[in-house]
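Spelled out, the chains give:
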Amino acid sequence: MSDIRILAHANAVVNVPAVTASAPEPDNLTPAQFMDLYGWICKAGTFAGFSAVPWEELGMCSVINEPTDEPEGLRIYMRDRWPVAVLEYDVGYRLMPGMITNRWQQS
């Protein structure tokens, strides 16, 4: 009979920072990376205006602000590290399909 028990590895982890390092912060996107992500959301998502997005769901999202000096830059909303919406100042939200409850489509 063979021994198939799982035992702890005897050697210590070689690269501890690589194992324990957290994910990179989303606000560290370059302007080109931000615009690429914004373009993808615009292409794949649908325009929903302001009233279609429930504030309860936006509260569960993290926000990536556009890396610009403009006071009203774009905002990309992330949920579970996936882009779900983008807010265009004075225009409204563009939503990824099925990612945020869209009250506008439910009525």
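Just above sits the structure.
In short, a report on the structure. On a predicted model such as this, the values are computed, not experimentally measured, just so you know. (Residues numbered from 1 in each chain as written. Predicted model: local features only at pLDDT ≥ 70, side-chain atom pairs only at ≥ 80, totals over all residues. Heavy atoms only, no water.)

1. Concerning the sheet that holds strand 4 (residues 82-88)
The antiparallel open sheet is built from five strands, whose spatial order is 1-5-4-3-2. Taken across any chain shown, the strands that pair with only one partner, and hence form the sheet edges, are strand 1 (46-49) and strand 2 (62-65). When strand polarity is set aside, the average angle formed by the axes of neighbouring strands in this sheet is 30 degrees. Note that strand 3 (residues 75-79) and strand 4 share five bridges and pair antiparallel. When the sheet's bridge partners are listed, Arg-75 is paired in strand 4 with Leu-87. Of the strands in this sheet, strand 1, strand 2, strand 3, strand 4 and strand 5 (92-95) touch helix 2 (residues 31-44), which is tilted by about 90 degrees from strand 4. (Pairing = 2+ DSSP bridges. Helix = DSSP H or I, 4+ residues; strand = E, 2+ residues; numbered from the N terminus. Axes fitted to C-alpha atoms, helices over the stretch in contact; angles between N-to-C directions. Contact = heavy atoms within 4.5 Å.)

2. Some details on the pairing of strand 3
Relative to strand 3, strand 2 runs antiparallel, the two sharing four bridges. Opposite Ile-64, over in strand 3, you have Ile-76 as the bridge partner. Here strand 3 folds back onto strand 4, and the loop between the two strands holds two residues, one of which, Asp-80, carries a positive phi near 55 degrees.

3. Describing the side chain of Glu-88
If you trace the backbone, Glu-88 turns up in strand 4. A polar contact is formed between the side chain of Glu-88 and the side chain of Tyr-38, at a distance of 2.7 Å. Leaving out residues up to four positions away in the same chain, Glu-88 has contacts with Tyr-38, Cys-42, Phe-50, Leu-74 and Arg-94. (Polar contact = N/O pair within 3.5 Å; in protein donor to acceptor, adjacent residues only side chain to side chain.)

4. A look at a negative patch on the surface
Together, Asp-69, Glu-70, Glu-72 and Asp-90 make up a negatively charged patch on the protein surface. Along the chain, Glu-72 turns up in the loop between strand 2 and strand 3. (Patch = residues over 30% accessible without salt bridge, like charges linked within 9 Å, V, L, I, M, F, W, Y side chains within 5 Å. Areas by Shrake-Rupley, 256 points an atom, 1.4 Å probe, with all protein chains shown as cover. Salt bridge = Lys/Arg side-chain N within 4 Å of Asp/Glu carboxyl O. Lys, Arg positive; Asp, Glu negative; His and termini not counted. Charge placed at Lys NZ, Arg CZ, Asp CG, Glu CD.)

5. Describing the pattern of salt bridges
Taken as a whole and judged by the stated rule, the model has two salt bridges. Across the pair Glu-57 and Arg-79 runs a salt bridge, and its minimum N-O distance is 3.6 Å. Here Arg-79 lies in strand 3 and Glu-57 lies in helix 3 (residues 55-58), a separation of 22 residues in the sequence. For Glu-88, the salt bridge is made with Arg-94, and the minimal N-O distance between the two is 2.8 Å. Judged by its relative accessible area of 9%, Glu-88 falls in the buried class. (Buried < 20%, exposed > 50% of the residue type's maximum accessible area, 1.4 Å probe, protein only.)

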